[in-house]
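# Structural features, examined
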Amino acid sequence: MKNKPGVLEYKPLSGREFPRFSGIKTFFRLPHVDLHESFDLALFGIPYDGGVSYRPGPRFAPSAVREASSLGRGFHFSRALQIFDKIKAADIGDCPTVPIDQEQTYEKIETFVSRILKTKKKFIAVGGDHSTTLPVLRALKKHTKKPLNFIHFDAHLDTFPAAWGCEYHHGAFARHAVEEGLVNPQKMIQIGIRGPLAGGDDLDFVRKNKIKVYTVDEVRAQSLEQFCQSLPKFEGPTYISFDVDCLDPAYAPGTGTPVVGGLTSYETQRILRSLQVKDFVGGDIVEISPPFDHADITALIGVDVMFEMMALAAGSSR
Ligand code: MN
Ligand code: MN
């Protein structure tokens, strides 16, 4: 597993040579390389949380997830897949951001993702608050030219109206994504949704656009296996956005707008593993707030979701 001089193998740093608590922190101890090197899957951070409405902190998530991913291993037990034999993945660092200016940050995110797409790579981003997903989707739409299939894990619908007179915040990104034609509402599902809602406008929007919502009640109304099998298949270019607050705060305390009565870690693992996604183009994990985390519980969820997305990127969808 050692990288030979001049030959980058895109494997995690060996834990035998460098124990997992040592070394410079990158996602899954993968090499940190320039985007233009020859690999398939770019991992990066979006350290921005200027779109939150309550507790801040996701600007620190990329660092925390890199640190927690020191324990990330490459062999996927239930998929019987050595991920890093199937796909060349690398950490390309963080997207530049402007902590006090959302407009400039959006432009930087869109430019950053566009540059990745021009190299024909797939990507997984660690946000950031959920408002950062919008410029990522804008870049993807310009590239794929048609609205994406969209799988959205969240406690919230994120189709809320403007807040404090501001259109762009973490509770409105999904509404903008639909309104701007970035995602296809007919090929969009939301999983983990639960109340209470802030008003009802968000639910009206979802109903009007016929977006398929899976509440926690619906997930639990049948066996987990039955629920997983009931999910639709996704054929075309598909994006997955994972807001960590889809989990119950008992499983993901480190987040800004926690809602009790959520999914368990195991349920999200099983749901992610059951997704049938033919063409995974990219994904993100957002709303991890390390200052409110305990014992890295939430950062570890981020690592695991990243692992499942890497498996999908490696083409292991069933
Ligand atoms: Mn969200
Ligand atoms: Mn949320």
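All of these numbers come straight from a predicted model, not from anything done at the bench. (Residues numbered from 1 in each chain as written. Chains lettered and ligands numbered in written order. Predicted model: local features only at pLDDT ≥ 70, side-chain atom pairs only at ≥ 80, totals over all residues. Heavy atoms only, no water.)

## Notes on the packing of helix α3 (residues 102–118) against helix α4 (residues 133–144)
Packing of α3 against α4 leaves a shortest axis separation of 8 Å and a crossing angle of 40 degrees. In this view, α3 runs oblique relative to α4, as classed from their interaxial angle. The handedness of the crossing between α3 and α4 comes out as right-handed. The residues of α4 that touch α3, namely those facing Y106, I109, E110, V113, S114, L117 and K118, are L134, P135, V136, R138, A139, L140, K142 and H143. (Axes fitted to C-alpha atoms, helices over the stretch in contact; angles between N-to-C directions. Helix = DSSP H or I, 4+ residues; strand = E, 2+ residues; numbered from the N terminus. Parallel < 35°, antiparallel > 145°, perpendicular 65-115°, else oblique. Left-handed = near helix turned anticlockwise from the far one by under 90°. Contact = heavy atoms within 4.5 Å.)

## With respect to the layout of surface pockets
Looking at the largest pocket, its volume works out to about 430 Å³. Lining the largest pocket are 20 residues, and of these S53, H156, F160, G171 and A198 lie nearest its centre. Among the residues forming the lining of the largest pocket, the class breakdown is 8 nonpolar, 7 polar and 5 charged. (1 Å grid on protein atoms, 1.4 Å probe; cavity = no way out; pocket = protein on both sides within 12 Å on 5 of 7 lines; lining within 4 Å. Points joined across faces, edges and corners; volume = space filled by probe spheres on them. Nonpolar A, V, L, I, M, F, W, Y, C, P; charged D, E, K, R; others polar.)

## Details of the nonpolar core
Core analysis: the biggest nonpolar cluster contains 53 residues, and F153, I191 and F242 have the highest contact counts within it. Ranked by residues supplied to this core, first place goes to helix α10 (residues 297–313) with 11 residues. Counting 41 residues, the second largest nonpolar core, distinct from the first, contains L35, I92, V113 and L182. (Core = buried A, V, L, I, M, F, W, Y, C linked by side-chain atoms within 4.5 Å. Buried < 20%, exposed > 50% of the residue type's maximum accessible area, 1.4 Å probe, protein only.)

## Structural notes on the coordination of the manganese ion (ligand 2)
Metal coordination angles in their ideal form are 109.5 degrees for the four-donor tetrahedron and 90 or 180 degrees for the six-donor octahedron. Around the manganese ion (ligand 2), the protein supplies D154 (OD), H156 (ND1), D243 (OD), D245 (OD) and D245 (OD) as donor atoms, at distances of 2.1 to 2.4 Å. For the pair the manganese ion (ligand 2) and the manganese ion (ligand 1), the metal-to-metal distance amounts to 3.3 Å, and D154 bridges them. Grouping residues by exposure puts D243 and D245 together as buried. (Donors = N, O, S within 2.8 Å, 3.2 Å for Na, K, Ca; no water.)

## Side note on the coordination of the manganese ion (ligand 1)
Here the manganese ion (ligand 1) is held by H130 (ND1), D154 (OD), D158 (OD) and D243 (OD), and the distances to it run 2.0 to 2.2 Å. Taken in sequence order, the residues that donate to the manganese ion (ligand 1) follow the motif H-x23-D-x3-D-x84-D.

## Considerations on the pairing of strand β9 (residues 233–243)
For β9, a buried count of 8 out of 11 residues is recorded, marking the element as mostly surrounded by other parts of the structure. The sheet contact formed by strand β6 (residues 148–153) and β9 spans 5 bridges and is parallel. From the neighbouring strand, F153 faces β9, where its bridge partner is F242. Note that β9 and strand β10 (residues 276–286) share 9 bridges and pair parallel. By the bridge assignment for β10, F234 is matched with V277. A crossover connection joins β9 to the parallel β10 through helix α9 (residues 265–274); in handedness this β-α-β unit is right-handed. (Pairing = 2+ DSSP bridges. Right-handed = clockwise from strand over helix to strand, strands pointing away.)

## With respect to the environment of A172
In this fold, A172 is placed in the loop between β6 and α5 (173–179). Each C-alpha atom, one on A172 and one on E17, is 46 Å from the other, the two residues being 155 residues apart in sequence. Apart from residues no more than four positions distant in its own chain, A172 is found in contact with D158, F160 and E167.

## Looking at the packing of aromatic side chains
Summed over all chains, the structure comprises 11 aromatic pairs. The lysine or arginine in question, R55, covers the ring of F292, its NZ or CZ lying 4.1 Å from the ring centre. Across the ring face of F39, the terminal group of K121 is positioned such that the distance to the ring centre comes to 4.6 Å. (Phe/Tyr/Trp six-rings, centres within 6.5 Å; stacked < 30°, edge-to-face > 60°. Lys NZ or Arg CZ within 6 Å of the ring centre and 35° of its normal.)

## Thoughts on α10
With 17 residues, α10 should cover 24 Å at 1.5 Å per step; its first-to-last C-alpha distance of 25 Å lies within 8% of that length. When you tally the buried positions in α10, you get 14 out of 17 residues, the bulk of the element. Following α10 by one or two positions, G315 has its phi on the positive side, about 85 degrees. (Expected span 1.5 Å × (residues − 1).)

## Thoughts on the pattern of salt bridges
Under the counting rule described, the total for this entry stands at 14 salt bridges. Each of R66, D91 and D94 takes part in salt bridges that share partners, so that together they form one network. (Salt bridge = Lys/Arg side-chain N within 4 Å of Asp/Glu carboxyl O.)

## Notes on unusual backbone geometry
Backbone torsion omega between G127 and G128 reads 20 degrees, so that peptide bond is classified as cis. Tracing the sequence through the fold places G128 in the loop between β5 (122–127) and α4.

## With respect to the side chain of K11
Of note, K11 is situated in the segment before β1 (41–46). With a relative accessible area of 14%, K11 lands in the buried category. For K11, the side chain forms a polar contact with the main-chain oxygen of F84, separated by 2.9 Å. Here the side chain of K11 touches D85 through a polar contact of 2.7 Å, side chain to side chain. (Polar contact = N/O pair within 3.5 Å; in protein donor to acceptor, adjacent residues only side chain to side chain.)

## So, the sheet that holds β5
Spatially, the 8 strands line up as an open sheet ordered β4-β1-β5-β10-β9-β6-β7-β8, and their pairing is parallel. Sheet topology places β4 (89–94) and β8 (212–215) at the edges, where each strand pairs with a single neighbour. Adjacent strand axes in the sheet meet at a mean angle of 20 degrees when their direction is disregarded. The pairing of β5 with β10 spans 4 bridges and is classified as parallel. In the strand pairing of β10, F123 is matched with G282. Packed on one face of the sheet, α4 meets β1, β5, β6, β7 (183–193), β9 and β10 and runs near 160 degrees to β9. Sitting on the sheet, α10 is in contact with β1, β5, β9 and β10, with an inclination near 155 degrees to β10.

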